[in-house]
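If you want the building blocks of each chain, they are given just below.
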Amino acid sequence: MIKIGIVDDHAIVRSGLRQFFSEQVDLRVVGEAASGREAIDLVRNEEMDVLLMDLSMPGQSGLDVLAMIRAKAPDLAILILSGYPEEHYAMNLIRQGASGYLNKECDPSEIVNAIRTVSLGRRYITPAVAELLAQQINRKGDAPAHEQLSEREFQVFLKLAKGETAGDIADALSLSVKTVSTYRTRLMEKLNLTTNSDLTYYALKNKLID
């Protein structure tokens, strides 16, 4: 029996997934969460094999939560189910430790196949993500600038682009304000940008934030 946790801020999505999983003889939902904080508590309090998690949640983003859960439960399979197309986040999330990335437009049966795959300790790579991997291998420097950022730089970048202050980011990521400023300087250089407004425009243009 594969034990699953579901993290999504929409109750109807969680209910639909729970219902679909109940029809599979080898799957059992052991808990649900509607926010990043609840997701961390769920992992702490429930024994599970796979965490199925959305990216967009109130409070902490799925990106932040992924890093925190990875630190607490390094062996837990984490499958991202997101409304964002693969090209926007998949590579960064897989580098950060996600076991797989699915777009919410996929067929429900693919989610079940992915859960079964990652529960065995393997990665689940969709054809779309496989194509992104192939492109990344073949590219010699013409990749989008944000793909050159480290995982932590990417986290800080998204928060700055959404208008969060260095103090807010320091609190959310358990860093000092000085360290956040260092990350900001580094990512600004890599993206060849100068102001936070430039960051926001870049993120919107590349569909990394709504």
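Note: the structure precedes this text.
These numbers were taken from a predicted model, which means no experiment stands behind them.

Chemist: Hey, could you run me through the overall build of the chain in this one?
Modeler: The helix and strand tally for the chain stands at 10 helices and 5 strands. Compactness check: the chain gives a C-alpha radius of gyration of 17 Å against a globular reference of 17 Å for 210 residues, within 12% of the reference. Along the longest, intermediate and shortest principal axes, the C-alpha atoms of the chain span 55 × 40 × 30 Å. Considering the chain as a whole, with its 210 residues, one finds that 49% of them fall into the buried category. In the chain, once contacts between residues fewer than 6 apart in sequence are set aside, the share between residues at least 24 apart is 63%. Across the chain, the centroid of the 24 positively charged side chains sits 5 Å from that of the 29 negatively charged ones.

Chemist: Explain the nonpolar core here, please?
Modeler: Across soluble globular proteins, nonpolar side chains show a tendency to be buried alongside one another. Grouped together as the largest cluster of nonpolar side chains are 51 residues, with contacts concentrated most on Leu-51, Met-53, Ile-69, Tyr-89, Leu-93, Phe-157 and Leu-187. If near-sequence neighbours (up to four positions away) are discounted, Leu-51 is found in contact with Gly-5, Val-7, Leu-42, Val-43, Ile-69, Leu-76, Ala-77, Ile-78 and Leu-79. Ile-4, Leu-17, Val-50 and Ile-115 belong to the second-largest nonpolar core, a separate cluster that totals 20 residues.

Chemist: Just checking my understanding: could you explain helix α9 (residues 177–191) for this structure?
Modeler: Along an α-helix, residues three or four positions apart point the same way, because every turn accommodates 3.6 residues. Across its 15 residues, α9 extends 21 Å between first and last C-alpha, which sits within 8% of the 21 Å expected from 1.5 Å per residue. Within α9 the residues assigned to the buried category are Val-180, Tyr-183, Leu-187, Met-188 and Leu-191. Along the long axis of α9, the arc covered by the buried residues comes to 135°, so they all point the same way. The outward face of α9, more than 90 degrees from its buried face, is lined by the exposed residues Lys-178 and Glu-189.

Chemist: Where do I start with the environment of Ile-169 in this structure?
Modeler: Relative to the assigned elements, Ile-169 resides in helix α8 (residues 166–173). In the structure, Ile-169 is positioned 11 residues away from Val-180 in sequence and 7.1 Å away in space, judged by C-alpha atoms. Beyond its immediate sequence surroundings of up to four residues, Ile-169 is in contact with Val-156, Lys-159, Leu-160, Glu-164 and Val-180.

Chemist: What am I meant to see in the side chain of Ser-82 here?
Modeler: By secondary structure assignment, the location of Ser-82 is in strand β4 (residues 77–82). Given a relative accessible area of 0%, Ser-82 falls into the buried group. In this structure the side chain of Ser-82 is engaged in a polar contact, spanning 3.3 Å, whose partner is the side chain of Tyr-101. Excluding residues that lie within four positions of it along the chain, Ser-82 makes contacts with Asp-54, Leu-55, Tyr-101, Leu-102, Asn-103 and Lys-104.

Chemist: Whenever I open this one, the pattern of salt bridges confuses me. Can you help?
Modeler: Pairing is possible between side chains that carry opposite charge, provided their charged atoms lie close to one another. Inspection of the entire model under this criterion finds 10 salt bridges. In this structure, Lys-3 and Glu-47 form a salt bridge, with 3.2 Å as the shortest nitrogen-oxygen distance. Remark: Glu-47 occurs in the loop between α2 (36–45) and β3 (50–53) and Lys-3 occurs in strand β1 (residues 2–7); sequence separation between them is 44 residues. With a shortest N-O distance of 3.1 Å, Asp-54 and Lys-104 are connected by a salt bridge.

Chemist: Looking at this model, I keep getting lost on the pairing of β1. Mind explaining?
Modeler: Each regular strand shows side chains that alternate between the opposite faces of the sheet. Along β1, 6 of the 6 residues are buried, which leaves the element largely enclosed by surrounding structure. Direction of pairing for β1 relative to strand β2 (residues 27–33): parallel, over a ladder of 6 bridges. Each bridged residue has a counterpart across the sheet, and for Ile-6 the counterpart in β2 is Glu-32. Pairing of β1 with β3, which is carried by 4 bridges, proceeds in the parallel orientation. Looking at the pairing, Ile-6 lines up with Leu-52 of β3.

Cut-off values and rules
- Residues numbered from 1 in each chain as written.
- Predicted model: local features only at pLDDT ≥ 70, side-chain atom pairs only at ≥ 80, totals over all residues.
- Heavy atoms only, no water.
- Helix = DSSP H or I, 4+ residues; strand = E, 2+ residues; numbered from the N terminus.
- Rg over C-alpha atoms; globule rule 2.2 N^0.38 Å.
- Buried < 20%, exposed > 50% of the residue type's maximum accessible area, 1.4 Å probe, protein only.
- Contact = heavy atoms within 4.5 Å.
- Lys, Arg positive; Asp, Glu negative; His and termini not counted.
- Charge placed at Lys NZ, Arg CZ, Asp CG, Glu CD.
- Core = buried A, V, L, I, M, F, W, Y, C linked by side-chain atoms within 4.5 Å.
- Expected span 1.5 Å × (residues − 1).
- Arc of directions from axis to C-beta.
- Polar contact = N/O pair within 3.5 Å; in protein donor to acceptor, adjacent residues only side chain to side chain.
- Salt bridge = Lys/Arg side-chain N within 4 Å of Asp/Glu carboxyl O.
- Pairing = 2+ DSSP bridges.

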